[in-house]
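Coordinate inspection notes
Here is how the chains run, residue by residue.
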Amino acid sequence: MSRKTVAWTTAGAFTIAGCIVVIVGLLTPVSFGWFAYQPLANATFTPAGSGVYVSRITIAGLVILTLGLLALAFLAGVRAGANRRS
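So, here's what we can say about the structure. Please read all numbers here as calculations on a predicted model, not as lab measurements.

Analysis parameters
- Residues numbered from 1 in each chain as written.
- Predicted model: local features only at pLDDT ≥ 70, side-chain atom pairs only at ≥ 80, totals over all residues.
- Heavy atoms only, no water.
- Helix = DSSP H or I, 4+ residues; strand = E, 2+ residues; numbered from the N terminus.
- Polar contact = N/O pair within 3.5 Å; in protein donor to acceptor, adjacent residues only side chain to side chain.
- Contact = heavy atoms within 4.5 Å.
- Buried < 20%, exposed > 50% of the residue type's maximum accessible area, 1.4 Å probe, protein only.
- Patch = residues over 30% accessible without salt bridge, like charges linked within 9 Å, V, L, I, M, F, W, Y side chains within 5 Å.
- Areas by Shrake-Rupley, 256 points an atom, 1.4 Å probe, with all protein chains shown as cover.
- Salt bridge = Lys/Arg side-chain N within 4 Å of Asp/Glu carboxyl O.

Let us look at the side chain of T15. Locating T15 in the fold gives a position in helix α1 (residues 3-27). Of note is the side chain of T15, whose polar atom sits 2.9 Å from the backbone oxygen of A11. Within the structure, T15 has its side chain in polar contact with the backbone oxygen of G68 (distance 3.4 Å). Setting aside residues no more than four positions away along its own chain, T15 makes contact with L65, G68, L69 and L72.

Printed below as a string of structure tokens:
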């Protein structure tokens, strides 16, 4: 395999893996809340507004997806530049 093939395959694998991890992270339930320090208190307090809370898995997936997309964009730019010079 040539270096170009390896680079494209790696960038594509990062992108696909990032998508899979993001989907798994979004399907994972996120528990959010905190407990006041009161002995024997079972109340959980949450923020008043409803918001979207993402898990660490989703954040890791977004980072992997971003790296894969940046690599694909870089490789596409290199290829376009090489075609333009010819």
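Tracing the backbone through its elements, the reader meets I16 in helix α1. Judged by relative accessible area, which is 55%, I16 ranks as exposed. For the pair formed by I16 and L65, sequence separation is 49 residues and the distance between their alpha carbons is 7.4 Å.

Here the focus is a nonpolar patch on the surface. A contiguous nonpolar surface patch, about 650 Å² in accessible area, is contributed by F14, L26, V54, I59, V63, L67 and L70. Considering every element that reaches the nonpolar patch, the biggest residue donor is helix α2 (residues 56-85), with 4 residues. Following the sequence through the fold, F14 ends up in helix α1. You can call F14 partly exposed: its relative accessible area is 39%.

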